Amino acid sequence: EILQTLLNLAEFMEHDGVDGGLPIGISVLANLALKCRAYAKALHYKEREHNAGSGGTCVEALISINKKLDLPEAALGVLKAAQHELERSRIARGWKSLSYSSVAGGNHHGYIPQVFHQNNYQIEPSMAHRFFTSEGDIFSTEPSWGGVEVQESWLAKLGSWSEALAMYERKLAQCPDDAEAILGCMHCLDARGEWRRVLEIAAKSWDALEGEGNSHGESHGSSAKKSGAIVTRSHRKALKFCAQAAWRLGQWDELETYAATLVRGSRVGQVPGGTVGNTGIRDGGLPRIDFDGAFYSSVLHIHRKEWSYAADYIDAARRSMDSRFTALMSESYKRAYPSMVTAQTLAEMEEIIAYRKLEGRAKTGAHGEARRRLLAVWRKRLAGCRVDAEVHSSILAVRSLILGPTDEVEATITLSALSRQAKCFKLAERILCDPLAELGADLNGPVFGFNLPSDLGLGLHNNVGSLGANIDRLVTGEADVFMPHYGEMHKRYSHKLVQVAGGLERLNIQHRLYYTYIKHLWASVNRDEAMNRLARLSDVVDLVANCEQIQNDFLRVDCWLKLGYWKVEQSSPPGTPLSESLQAEVLTAYKRATASNSKEYKAWHAWALMNFRLAQQSHEILSQRGEGTAMSGMSTGSIQRNSNVSKKNLRNHVIAAVQGFVKAISLGTKRWSASVQQDMLNFLTCLFKYGELPEVATTINEGLVSVTIEAWLGVLPQLLARIHIKSPAIRSTLHPLLIRLGVKHPQALMYPLSVLLKSPVLERKVAAESLMNSLKAQSNDLVEEALMVSSELIRVAILWLELWHEGLEDASRLYFGEGNVSGMLDVLLPLHEVLEKGPSTRREQDFVKSFGRDLFDAHAFLKEYVRITTINGGNILTQGGFQPESSGHSGVSSSSRQSAEAEAALNQAWDLYYTVFRRINKQLPGLTTLELSHCSPALLRAHSLELGVPGSYRVDGSYVKIEKFNPNVQVITSKQRPRKIILRGSDGKDYVFLLKGHEDLRQDERVMQLFGLVNALLAKDRRTNKQDLNIQRYAIAPLSHDAGVVGWVPHCDTLHSLIRDYRESKKVLLNTENREMMKMAPDYDLLTVMQKVEVFEAALQRTVGKGNDLYEVLWIKSSNSEEWLERRTKYTRSLAVMSITGYILGLGDRHPSNLMLDQISGRVLHIDFGDCFEVAMHREKYPETIPFRLTRMLINAMEVSGIEGSYRSTCERTMGVLRDNRDSLVAMLEAFVYDPLISWRLLGEASGEAIVEQANPVPGTAPSREDMTQPNNLDNIQTLNNESTLNMPTGNGEGEENVSISLAQSHSMLHGPITEGQDEDGGDDEEEGASDRINETNCEAIDERKGAGHASYVRRALGIVGGEDHGAAVTVQPMSDPQILPGNGGVTTNRTIQSSHTRSLQMYSHIQSMAANLSASSRIASITGGDAERVAAEGSVARSRRNKSVKQRVLSLLDGEEKAANEEALNEKALKVIRRVQDKLTGTDFPGPDGMAEPLHVPDQVQRLIVQATSSENLCQLFIGWCAFW
């Protein structure tokens, strides 16, 4: 207790930040913690000791502690990291002299050169050590690892039995008398189940084990005494292994000898005759019997039916484990679990004794009921045990004392599978072969399909030739011709097989064990043999099931399904077409599976999936021949162009797939939830892609009747996304389905339909209105409530202030930047229409009072412009509407007079808009709280609604109703100003949401749907279900295309805020890495890649703390070591799961404010899913060339082994699960990319380039709006036309001469301060900009977007207006009416037009500057030290959701040829995205120089991804706001 108190005190002082803590060394604390069995504390101190420079001496202790903590992956990671460190040390010694001389060579170009670079493809980043611990300390790892070698014991402790055995055998070959090597070999062989070899080694090595103490030639008494102790320990270990081997082999006489020796403590061969029980359990002078001796003695006496002696030894074994068991239970149940299993085996031995006594007293057969009860209890108990091979093996070994090979078949099969999963292939094989041998089974006999008479006509190979030409008959149900027809001959042979096996039950058991043995062969890479044996077994099982009339034979189904699956996997790599013969074989196997059991979900799922794949294959072939159809549907004309065979083949496969999917969906249970969702998505693909085919439409409508309506809730977003589809056949299926769904589950449709009602696409809006009207007949009050709540929440999310601020910014960009007057009017006129309807809230009334007059006047000028432009049949310009260049002459014509009048009207309108914008821009930063009484009285009055809380609706129809809204709304002071709203539910609980405007959350909603699928896959897979692997999700409910609510995730902080707070507490600058980089290379962006790498790595090494900030945060925020360990484990695993899932999804923009940490669990939570499908990877400027975020802070916060522990293991397991279920994921993502509401994002920057081409057909004209916002296009302003000039009046404004200024020449003027004249109140309207500190909370990160720059050629050109001085301010004077000269008919002069254009450019620049400063990211500003102007100049890396929404609206309004071209581009991009996803899920995502890629195994694929993610070459080129140095 004193030691425990001392350790708690040391831990408390370390948490409390006491300098130095207790005056006790770390190694001493670690050893004390081990002595107290406080393993979490011991791990913490050992890791500290390791990081302090004692790495080599801590490895074995770290491995042992992690094993005791039940963290085998972390223990294995320590070994791998140690191997890498040893390799580093060897390389370091070879490079040491060269590196020292190189570093002494001097400093060049302001950065430190580094000769030695880590080869990421060979040596991986491992423990907390780095080569450069400081500027002058090179290769500091060498002293720590000098003389250290990988030990065999390390491998044995990790369960790497094969590798450890090989090392022990080599050691034993060199020194046959090495006791440590002998024991090591025995231990490894015991774990591998090679018990006969254990006894062979023991028989040859007893003398060596007994005489090991004299092998060193020691003569002193103390040494001899010490050696004697060593001999005793070695001898007892060997006896334990021998006793275990003798028991498992059934050699009871040998077990008696070894058990007696363990009990008495005497040498082998010195035991007197007679049984152990003759002298009692305490004879031999031992005060207490060793556990192993007591345990094996009890096993022996149970076998000999000596019940009293067995009971005594069981009691002795229980007493011997008492102290250890009690100590471990006081620590935690998890730590004591192995001892708990041992206690359970002792209890079951007592149950065996009780049953055997009952069996002896009862009459023949009377004990049968007791046996059944005992077996039932044991099965239930085993089902509750941990799914682990060692646990199951120890329990089943004890039960084998009473059970035979036919009693616990399921447990035997499970144990074999667990052993195979643990890579113990020999043990897995033995577990299956031993009971088969006891049953007298011949693995090459007729029972398993060998030597069958040829006249039976079994096997697929007998029908391959005919099947190849008759696949259509097989698919359409005419398969009886190709199935075997069983007659009397088959029945006689079946009866013979049953007789040979000893009965039908024994035959079934043999088949089940043999089927598992075949799967073992497949897993151990004996695939040809496994395929051959499975084909033969399938025939025999099918024969017996038919002739013996076995109903619902699941083994029969499994055999045919596995046979078909293996044929595809072995003969046709993913993504390649299936040959006709292979199609025939696989379809036949699946057809026979469905015929074997018509109620088996797996059979129909496989059948449907294969036909769906073949339909897609046929469709692709027809498309390549010019006979195919578009993804949106198949036209009748296109079908008619096909040949009869192709049309029939495609149609039959689609119909068979639809029928199979319907059957599978109706049979699916919760166990198959992930696969059922795949079936639903594929069914919808058939509907939307082939639904116009009459036969397919009929089949789909017939199938819908048999599917429960609740099943469609899982794919509701996909159904609603196609609500506007034009095909009458598809609409006639889709709309009735949605109406049925709405009648049964109206709550599920309310929020999604309210989004569609606000769609800018007319067809989608009309279809939604039609559906909503049909729902009103059933739930009128609910519909009205949903529409009210949705519209009012949008009103709160986007106030009129923000609506006009955003609208004027967009309109200025469209008009001044693109010359698109029509687009400008499309933005402004709807805003004026809203304004003219009048205010409905207090805040809207205040807005009208402040800005109404100016806006009404501006609206009048817009109307005047439209009147003048269209009076003579003219058109509103979509490009060239604003030309900053003058014509260079003063001639005036009638058309130019009309144009001047129209432009004067626009200038006057923009004079007013500019004034309004400035005043709004000043008011928005003060918007911190809202009251519903002022901004939405309707919500304040809403009480006891029927409408449910967003995200609360469940499939069973349960949901939480909205009781009321909290009257106070908090405005988060981040870039997009989201609102924190609180809803009181009908259950009395408060539900917190983040109400977000200016963002499209529909893609985030789909990503949450994908995460749900991934969680289901991880939960059902045996490799991952016991590790609590899942992605944390939260509710997302879009309200419109630019607003929605996000579920508030409590007690979470962004990584950015955690690091910021930690560094503030340590008085370390937040941007210290960036400052170091700028010190070494102020012109960092102009450096070559290699130079950037050197500067980047040198800056990391100079950082205080070496990037351990997050590690320290996890430690400080945990109350004790146990809590810290639990959080760190969940942190590491959750990070790994999301790394792999994000890679498959192509998720980008993973900066520190898009990753959050749950303070309670330690899990990593990702937010902001705007950049998917590798959009961020294909930027021209600052492309994200990394697959996921894996920076040094994230690595250092893991175990001491870094990525080599739980992270790598979890990555590999997750990737394995996702690859094994690639069909489900591809189905989900395919629905994702073809979703009309989402797919427009796939065009990415290509659409922006298209807009540039359309808006700027003439070189030298203004760049497009997208050109203003895209970071990769900022420099393209110069490359559009290097000779382009901007005609501007001279700086003094005198004369009519124009000065041609090259855009490139004005680039240096970009950073000049921009101010404006005094406003009408006489006050200075100077903006405070992005350097102001904006408070960050956890929700600030949810809507954080990188960058805020709107730098353009306009601002570059404005650099010359203020004169030669680069620092001169550009002054924007208030615009006034153009000067109309008398005698010119009211026409402005050329000089006046030029002056007006100059003022317009200045005004536009200031609008963009004010908007950029208002929305500037505080995160980026803090990283750049307040130099947000530099970041703005570089441009925004990730476009804001608002800009994406604008693009969507533009694309949605296209029609005619433009729309067709846009759809074609989307289809092409979608196909590329799906192929890329398929490559990732098949391991072919790393093509070689020839463009071809060999499939990688999961570990190799994960290794390449980690190399990319940690490559300094990739990290050093990322956008500064990504914080690669963290």
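Look above for the structure.
Keep in mind that what you see is a predicted model, and the values were worked out from it rather than measured.

K.L.:
Describe the nonpolar core, and please don't skip the residues or the numbers.
P.N.:
Considering soluble globular proteins, one finds that nonpolar side chains tend to be buried as a cluster. Formed by 254 residues in total, the largest nonpolar core has its most connected members in Trp712, Leu753, Phe965, Tyr1131 and Tyr1207. Broken down by element, the residue count for this core peaks at 13 residues, all from helix α36 (residues 762–797). When residues no more than four places from it in sequence are discounted, the contact partners of Tyr1131 are Leu1110, Leu1114, Leu1157, Gly1162, Val1164, Met1193, Leu1194, Ala1197 and Met1198. Counting residues in each nonpolar core, the second largest holds 76 residues, with Val299, Ile302, Ala316 and Ile431 among its members.

K.L.:
I'd love a proper account of helix α1 (residues 2–15), names of residues and values included.
P.N.:
Across its 14 residues, α1 extends 20 Å between first and last C-alpha, which sits within 8% of the 20 Å expected from 1.5 Å per residue. Taken together, the buried positions of α1 are occupied by Leu7, Ala10, Glu11, Met13 and His15.

K.L.:
Give a description of the sheet that holds strand β10 (residues 1052–1054) that names residues and reports values.
P.N.:
Taken together, the three strands give an open sheet; going across it, the order is β10-β11-β12, and neighbouring strands pair in antiparallel fashion. Only two strands of the sheet have a single neighbouring strand rather than two, namely β10 and β12 (1164–1166). Ignoring which end each strand starts from, the neighbouring axes of this sheet average 35° apart. Summarising the sheet, strand β11 (residues 1155–1158) and β12 pair through three bridges and their orientation is antiparallel. For Leu1155, the partnering residue across the bridge sits in β12 and is His1166.

K.L.:
Lay out the environment of Gly714 with the relevant residues and their values.
P.N.:
Position of Gly714 among the secondary structure elements: in the loop between α32 (694–704) and α33 (716–721). For the pair formed by Gly714 and Gln677, sequence separation is 37 residues and the distance between their alpha carbons is 7.1 Å. Those residues within four positions of Gly714 in sequence are excluded, and the remaining contacts are Gln677 and Gln1009.

K.L.:
Please provide a residue-by-residue account of the pairing of strand β8 (residues 1036–1040), values included.
P.N.:
Burial within β8 is extensive, with five of its five residues counted as buried. The pairing of β8 with strand β9 (residues 1043–1047) spans four bridges and is antiparallel. Bridging from a neighbouring strand, Ile1036 pairs with Val1046 of β9. Linking β8 to β9, which pair antiparallel, is a turn of two residues.

K.L.:
Any details on the packing of helix α38 (residues 821–836) against helix α39 (residues 842–870)? Residues and values, ideally.
P.N.:
At their nearest, the axes of α38 and α39 sit 10 Å apart, and the two run at 135° to each other. Relative to α39, the element α38 lies oblique. The interaxial crossing formed by α38 with α39 has left-handed handedness. On the side of α38, the interface is formed by Val821, Met824, Leu825, Leu828, Leu829, His832, Leu835 and Glu836, while α39 contributes Phe847, Val848, Leu855, Phe856, His859, Leu862, Lys863, Tyr865 and Val866.

Criteria and cut-off values
- Residues numbered from 1 in each chain as written.
- Predicted model: local features only at pLDDT ≥ 70, side-chain atom pairs only at ≥ 80, totals over all residues.
- Heavy atoms only, no water.
- Core = buried A, V, L, I, M, F, W, Y, C linked by side-chain atoms within 4.5 Å.
- Buried < 20%, exposed > 50% of the residue type's maximum accessible area, 1.4 Å probe, protein only.
- Helix = DSSP H or I, 4+ residues; strand = E, 2+ residues; numbered from the N terminus.
- Contact = heavy atoms within 4.5 Å.
- Expected span 1.5 Å × (residues − 1).
- Pairing = 2+ DSSP bridges.
- Axes fitted to C-alpha atoms, helices over the stretch in contact; angles between N-to-C directions.
- Parallel < 35°, antiparallel > 145°, perpendicular 65-115°, else oblique.
- Left-handed = near helix turned anticlockwise from the far one by under 90°.

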